[in-house]
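Analysis of the macromolecular model
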Amino acid sequence: MSIRSTARFLRYKVTSHPDGGLRVYASCLSCSWVVLPTADHERVSGAMRHHAATKGHALFNRTTEDMAVVVLADKCEQERRAEANALEYQHLGGAAEDARAEV
């Protein structure tokens, strides 16, 4: 450990993962009717309207979910960490180690 230490405040941001997409599902609060999770939001809304029209139930629990990812907010810190990870990867054997692991 060095005599001089540096304390840094790193900011992170939470965002939707680009490969995740949004999914929505719904359930009726009056009965056991449900719409399974799907990316088609309009289909869920249409199914809720149809259920309300045929059964007279008006209250639903609708849930929207997405896959989230936490990333460093500072682009310079992202690049610094990527470089450090690449150096560590090379130091540990890099691609040769990967090839052995696949066998």
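Refer to the structure presented above.
Parameters and conventions
- Residues numbered from 1 in each chain as written.
- Predicted model: local features only at pLDDT ≥ 70, side-chain atom pairs only at ≥ 80, totals over all residues.
- Heavy atoms only, no water.
- Helix = DSSP H or I, 4+ residues; strand = E, 2+ residues; numbered from the N terminus.
- Buried < 20%, exposed > 50% of the residue type's maximum accessible area, 1.4 Å probe, protein only.
- Contact = heavy atoms within 4.5 Å.
- Areas by Shrake-Rupley, 256 points an atom, 1.4 Å probe, with all protein chains shown as cover.
- Polar contact = N/O pair within 3.5 Å; in protein donor to acceptor, adjacent residues only side chain to side chain.
- Phe/Tyr/Trp six-rings, centres within 6.5 Å; stacked < 30°, edge-to-face > 60°.
- Pairing = 2+ DSSP bridges.
- Axes fitted to C-alpha atoms, helices over the stretch in contact; angles between N-to-C directions.
- Salt bridge = Lys/Arg side-chain N within 4 Å of Asp/Glu carboxyl O.
- Patch = residues over 30% accessible without salt bridge, like charges linked within 9 Å, V, L, I, M, F, W, Y side chains within 5 Å.

Let's shift gears to the overall build of the chain. Within the chain one finds three helices and five strands. Along the chain, helices (α) and strands (β) appear in the sequence β-β-β-α-β-β-α-α when read from the amino end. Residues classed as buried in the chain amount to 14% of the 103 residues present. Pairs at least 24 apart in sequence give 58% of the contacts found in the chain among residues at least 6 apart. Here the chain has roughly 8500 Å² of accessible surface; of this, 55% comes from carbon and sulfur atoms.

The subject of this paragraph is the side chain of His 57. By secondary structure assignment, the location of His 57 is in the loop between helix H1 (41–55) and strand S4 (60–66). One polar contact links His 57 to His 51, side chain to side chain, over a distance of 3.2 Å. Other than its neighbours up to four places away in sequence, His 57 contacts Cys 28, Ser 30, Cys 31, His 51 and Ala 52.

Looking now at the packing of aromatic side chains. Under the definition given, this model contains one aromatic pair. Ring geometry for Trp 33 and Phe 60: centres 5.6 Å apart, planes at 75°, overall edge-to-face. One end of the pair, Trp 33, is in the loop between strand S2 (22–28) and strand S3 (34–38); the other, Phe 60, is in strand S4, with 27 residues separating them in the sequence.

Right, let's talk about the sheet that holds S4 for a bit. One open sheet holds the three strands; their spatial order is S3-S2-S4, and the pairing between them is antiparallel. Lying at the two open borders of the sheet, with one neighbouring strand each, are S3 and S4. Mean inter-strand twist for the sheet, computed between neighbouring axes without regard to direction, equals 10°. Where S2 lies against S4, seven bridges are found, and the strand directions are antiparallel. Bridge pairing in S4 places Val 24 opposite Thr 64.

Glancing now at the pattern of salt bridges. Using the criterion set out here, one finds two salt bridges in the structure. For Arg 23, the salt bridge identified is with Glu 65, shortest N-O distance 3.4 Å. With Arg 23 in strand S2 and Glu 65 in strand S4, this residue pair connects regions lying 42 residues apart in the sequence.

What follows concerns a nonpolar patch on the surface. A surface patch of nonpolar side chains, about 330 Å² in accessible area, is lined by Tyr 12, Val 14 and Val 70. Checked against the element boundaries, Tyr 12 lands in strand S1 (residues 12–16). The exposure class assigned to Tyr 12 is partly exposed, which follows from its relative accessible area of 48%.

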